[in-house]
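Residue-level structure breakdown
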Amino acid sequence: MHIASYLSSLMQMSRLVKKSPSVCTDLPLNSSDVCNKLRLMKELLKSSYGPTARLKQVHNNIGGAVVTTSTSSVLLQAISSSHPIVSLIKGSILNHVSRFSDCGLFASVFCLSLIEEAGRCDLSKNVIIRVNKHLLSLCTAHLQQEDCGCKVQLDFCSSQSLITLARSVISSKPTCVLSEPESAHISRLAVQAFLLTVPCNIPDKVRLGRTVTIPMEGHSVLESAVFPGLLLDTPENISLGNLCSPLRMVLFSASLAGDLSELGDGRIEVHQGVDTDSQIVDQLLELGKQVLKDEVKLFVCQKVIHPVLQHYLRCNGVIVIERLGISLMEPLIQLTGAQPVATLHTTVPWEAYGEVHVSVRPFGSKTKLHLHPAGKTTICTMILCHRNETMLSELKLVCQKTEHVLRLTLREPCALLGGGCTETHLAAYVRHQSKNDVSESSPVLGCSQTEYLLAAEAFCRSLESVATSLEHDDGASLIDLTHAHHWTLPSDATEEHLEDAAALCGCGVVQSCQNKKWSYLNTEYAEFSPEPLLTASPLQPTVLDSFTAKVNALEVAVETANLVLDVRYVIQDVN
């Protein structure tokens, strides 16, 4: 009795508790707590950048799988913070990654560097925001020019540049643990799969195909392969001996399990003495008789097929595939021309049938059913192999991102030099341009020439800090004072032997020589205009970045940093 009254009084008190007022924080970037959180976030993402990045393990406090990765989409989703500034940056970068699949870490490090540099220089936030906007437009205009020194046109007549682009994306993820031959093999497969999804005959409306990825754990990476068409798990007791290709097929999106719950919404009336199970089975068998009459030899269902119907069809020489799954429905429709049937209560229309060639293909210890059309197809299957689950899951994720990056080249057939060279080139270009137009730009932006140059220097240092983030082994990052490319010097190298220690720049286009002048990044050096590369240079880039993804990442980083710098108050509900 006493316990009941005590609980009742507690409930009454809980209803009477006053709602706490929201907490309003003035100038959040002046808070040491916020700055420490942003600094920690930057170090986390910076150490995950590039092919020699340090891996991160993500897990929660209630158990579950442990994910090892250095991918921005996985890392950012794992970051949880109650502070709106961190959530704003995280959401902005994740939105970019969801649209472009690449350059998430570049955008993150650059954005956080801009915020950090803005805190170091004694300038008004409004001045920094205006100068950042101006310099962003300067960068994007320069990158759009045909003669831009860090821009490379992609030649679709040769697959080499596409393979280089694919390999740059794949090799930037060390969790995949790929050797040089394995990285080259997967890069070629990624380009092969991409080219198979591009239609040969271009109609009025272009529709790209699909790549279906099948992971296979325990096999060598070099056993990975790409096949035109679809590879499905082989049904039991299959025999193709008496079947002549192409086979007529039917595809059901409705469940054929025979459950009453699958009949749809509405009221079901059952008369007394009626055996509903036998009636449903009879209806399924009628469906089976119809498809046999229409000479169907391949029967596929997205969901479950009743065992009686399966047995009936197989006894009459029909290949039965159930539980296809929704992810394979669209590729199968594109491949075969079949239209999914959404009910079993009507006769299957003739237009719903499709045609496909069927063969059995062994792969390792498994056997796959290979579906492919008679002519060209834009549907292909990539069998992706690796030694263990962690490496395989990361490799699958990276290959999907690579496919998206390659598709972006159809919109703009160009790429940017990788290995930090685009960042150092842009930094040198912005320094040179801002010094030359300081007298014109500063009055327009409403600041003094000194303020303009200080803000421009902070912008350039932020770009250079992205390039230095590629080094994780205590080496030094340099810039050559001719072409403004990025160079990495091993920790045990000396300045007297620079040309031997750094034979090629980060992107692999510029070669070291004795008369080349250098400067360490994030140190003061005389501004200069980067000289264009010789068009007849025998060296081709070995590292490329997606043009479309990187330009958008540049814009997202600057706009997000400006948004954070512009925040005056943070209002938080603490209830």
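The structure presented is a predicted model; accordingly, all values stated were derived computationally and were not measured.

**Concerning the sheet that holds strand β15 (residues 476–480)**
Read from one edge to the other, the open sheet built from three strands follows the order β16-β15-β17, with strand pairing classed as antiparallel. Lying at the two open borders of the sheet, with one neighbouring strand each, are β16 (486–489) and β17 (518–520). Each adjacent strand pair in this sheet contributes to an overall mean axis angle of 40°, direction not counted. Looking at chain direction, β15 and β17 are connected through three bridges and run antiparallel. Bridge assignment links Leu478 to a residue of β17, and that residue is Tyr520.

**Notes on the nonpolar core**
Grouped burial of nonpolar side chains is what soluble globular proteins tend to show. Ranked by size, the top nonpolar core spans 93 residues in total, and within it Leu38, Ile89, Phe110, Leu143 and Phe459 carry the most contacts. Broken down by element, this core gets its largest block of residues, eleven residues, from helix α17 (residues 547–565). The contacts of Phe110, once residues within four sequence positions are left out, are Phe459, Ser462, Leu463, Val466, Leu554, Ala557 and Val558. With 22 residues, the next largest nonpolar core counts Leu230, Met329, Leu335 and Leu369 among its residues.

**Here's the deal with the environment of Ala190**
For Ala190, the location among the structural elements is in helix α8 (residues 180–196). Here Ala190 falls in the buried class, since its relative accessible area comes to 7%. Distance from Ala190 to Met382, taken between C-alpha atoms, is 8.5 Å for residues 192 residues apart in sequence.

**Some details on the confidence of the model for the protein**
Predicted confidence across the protein gives a mean pLDDT of 88, with 90% of residues reaching 70 or more. No element of the protein has a lower mean pLDDT than helix α1 (residues 2–16), at 59, and none a higher one than α17, at 97.

Thresholds, definitions, all that
Residues numbered from 1 in each chain as written. Predicted model: local features only at pLDDT ≥ 70, side-chain atom pairs only at ≥ 80, totals over all residues. Heavy atoms only, no water. Pairing = 2+ DSSP bridges. Helix = DSSP H or I, 4+ residues; strand = E, 2+ residues; numbered from the N terminus. Axes fitted to C-alpha atoms, helices over the stretch in contact; angles between N-to-C directions. Core = buried A, V, L, I, M, F, W, Y, C linked by side-chain atoms within 4.5 Å. Buried < 20%, exposed > 50% of the residue type's maximum accessible area, 1.4 Å probe, protein only. Contact = heavy atoms within 4.5 Å. pLDDT = per-residue confidence, 0-100.

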